[in-house]
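Chain by chain, the residues:
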Amino acid sequence: MEASAPYTVDRYVEDLRLITRETYNEDEIIGQVTPLAQRLVADANWRDEKHYEASSEQGFGIHVLHEEPDHTLAVFAISWLPGRGAPAHDHGTWAVVVGVDGVERNIRYRRLDDRSRPDYAELEVKDGIQAGEGDAICMKTGGIHSVQNETDAVTLSLHTYGKHVNHTDRSQFDLETNEKKDFKVRVE
Ligand SMILES: [Fe+2]
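Everything numeric here is computed off the predicted structure, so don't read it as measured data.

**Student:** Mind showing me how you'd approach the coordination of the iron ion here?
**Tutor:** Angles between donor atoms at a metal ideally measure 109.5 degrees for a four-coordinate tetrahedral arrangement and either 90 or 180 degrees for a six-coordinate octahedral one. Looking at the iron ion, the protein donor atoms are His89 (NE2), His91 (NE2) and His145 (NE2), and they sit 2.0 to 2.1 Å from it. Along the chain, the residues donating to the iron ion fall in the pattern H-x1-H-x53-H. One end of the pair, His91, is in the loop between strand E3 (85-89) and strand E4 (95-101); the other, His145, is in strand E8 (residues 144-148), with 54 residues separating them in the sequence.

Given below as structure tokens:
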């Protein structure tokens with residue numbers, strides 16, 4: 001293929017398949033996927049106005065760009081309504097998020113409790129970044145973050161997961177009550 005050919009979702013997915021066939025090491029997977037996700041963001045051919053649609057009930061809108069038949073290698077465009085976000089949550093798989101349009105506040109957390117109770121978790125803030133276009137937030141399985149759109153416009157980001165997050169064992173966390181519970185999301 002010519003070097004000047006656009007980097008498409010199909011080419012990205014083919015690269016994801018090659019990478020995850022080669023290694024199960026999440027540091028290696030994330031290290032290789034991140035620059036490719038940034039390249040896909042830079043090459044805007046896949047973007048569509050409909051990706052900005054989001055449910056006011058949920059506060060964000062998930063648009064599936066790709067998912068393998070076994071739910072692995074899920075690629076989503078996710079839009080975030082102004083002033084809305086997602087509570088602290090994990091993914092049950094590795095995750096690479098790259099900002100596409102607008103700035104999203106990401107806070108990453110570390111877990112403090114001994115994980116002996118299935119419905120309880122104590123978290124503390126690890127770091128926070130304002131992620132704009134091309135900025136990456138990467139998490140291995142178990143990594144916890146929250147997302148907030150503090151701007152007055154809809155923002156958009158590209159999310160790549162080892163597996164579709166409605167098909168993993170993952171949780172959302174209430175920072176006030178320390179409650180840990182299932183986190184399923186609605187796909188547009
Ligand atoms: Fe997330």
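Picking up where we left off.
**Student:** Looking at this structure, how should I read helix H2 (residues 26-42)?
**Tutor:** At 3.6 residues per turn, the α-helix brings residues three or four places apart onto the same side. When the terminal C-alpha atoms of H2 are compared, their 24 Å separation across 17 residues agrees well with the 24 Å that a helix rising 1.5 Å per residue should span. Of all the bends in H2, the largest measures some 25° and sits at Val33, one to four residues before the proline Pro35. Listed in full, the buried residues belonging to H2 are Glu26, Ile29, Ile30, Val33, Thr34, Leu36, Ala37, Leu40 and Val41. In this structure, the buried residues of H2 make contact with helix H1 (9-22), E4, strand E7 (136-139) and strand E9 (155-163). For H2, the N-terminal cap is Asn25; the gap from its side-chain oxygen to the backbone nitrogen of Asp27 is 2.9 Å.

**Student:** What is the right way to read unusual backbone geometry from this model?
**Tutor:** Among all residues save glycine, negative phi is the norm, and among peptide bonds the norm is trans. The phi dihedral of His71 is positive, around 75°, even though this residue is not glycine. Looking at where His71 falls in the secondary structure, it is placed in the loop between strand E1 (60-66) and strand E2 (72-80). Since its relative accessible area comes to 27%, His71 is described here as partly exposed. Of note, the phi angle at Arg115 is positive, near 60°, even though the residue is not glycine. With respect to the helices and strands, the residue Arg115 is situated in the loop between strand E5 (104-111) and strand E6 (123-131). Judged by relative accessible area, which is 55%, Arg115 ranks as exposed.

**Student:** Quick question: what am I supposed to make of H1 here?
**Tutor:** With 14 residues, H1 extends 20 Å from end C-alpha to end C-alpha; this agrees with the ideal 20 Å at 1.5 Å per step. Residues of H1 that are buried: Val9, Tyr12, Val13, Leu16 and Ile19. The arc that holds every buried residue of H1, seen down its axis, measures 120°, which confines them to one face. Exposed residues pointing more than 90 degrees away from the buried face of H1 are listed as Asp10, Arg21 and Glu22.

**Student:** Help me understand empty space enclosed by the protein, please; the structure alone is not making it clear to me.
**Tutor:** Summed over the entire model, instances satisfying the criterion amount to one cavity of 30 Å³ or more. Roughly 110 Å³ of internal volume is contained in the largest cavity. If you list the elements that add at least two residues to the lining of the largest cavity, you get E1, E2, E3, E8 and E9. For the lining of the largest cavity, the class distribution of residues is 10 nonpolar, four polar and one charged.

Rules and cut-offs
- Residues numbered from 1 in each chain as written.
- Predicted model: local features only at pLDDT ≥ 70, side-chain atom pairs only at ≥ 80, totals over all residues.
- Heavy atoms only, no water.
- Donors = N, O, S within 2.8 Å, 3.2 Å for Na, K, Ca; no water.
- Helix = DSSP H or I, 4+ residues; strand = E, 2+ residues; numbered from the N terminus.
- Expected span 1.5 Å × (residues − 1).
- Bend = angle between axes of the 7 residues up to and from the residue.
- Buried < 20%, exposed > 50% of the residue type's maximum accessible area, 1.4 Å probe, protein only.
- Contact = heavy atoms within 4.5 Å.
- Polar contact = N/O pair within 3.5 Å; in protein donor to acceptor, adjacent residues only side chain to side chain.
- Arc of directions from axis to C-beta.
- 1 Å grid on protein atoms, 1.4 Å probe; cavity = no way out; pocket = protein on both sides within 12 Å on 5 of 7 lines; lining within 4 Å.
- Points joined across faces, edges and corners; volume = space filled by probe spheres on them.
- Nonpolar A, V, L, I, M, F, W, Y, C, P; charged D, E, K, R; others polar.

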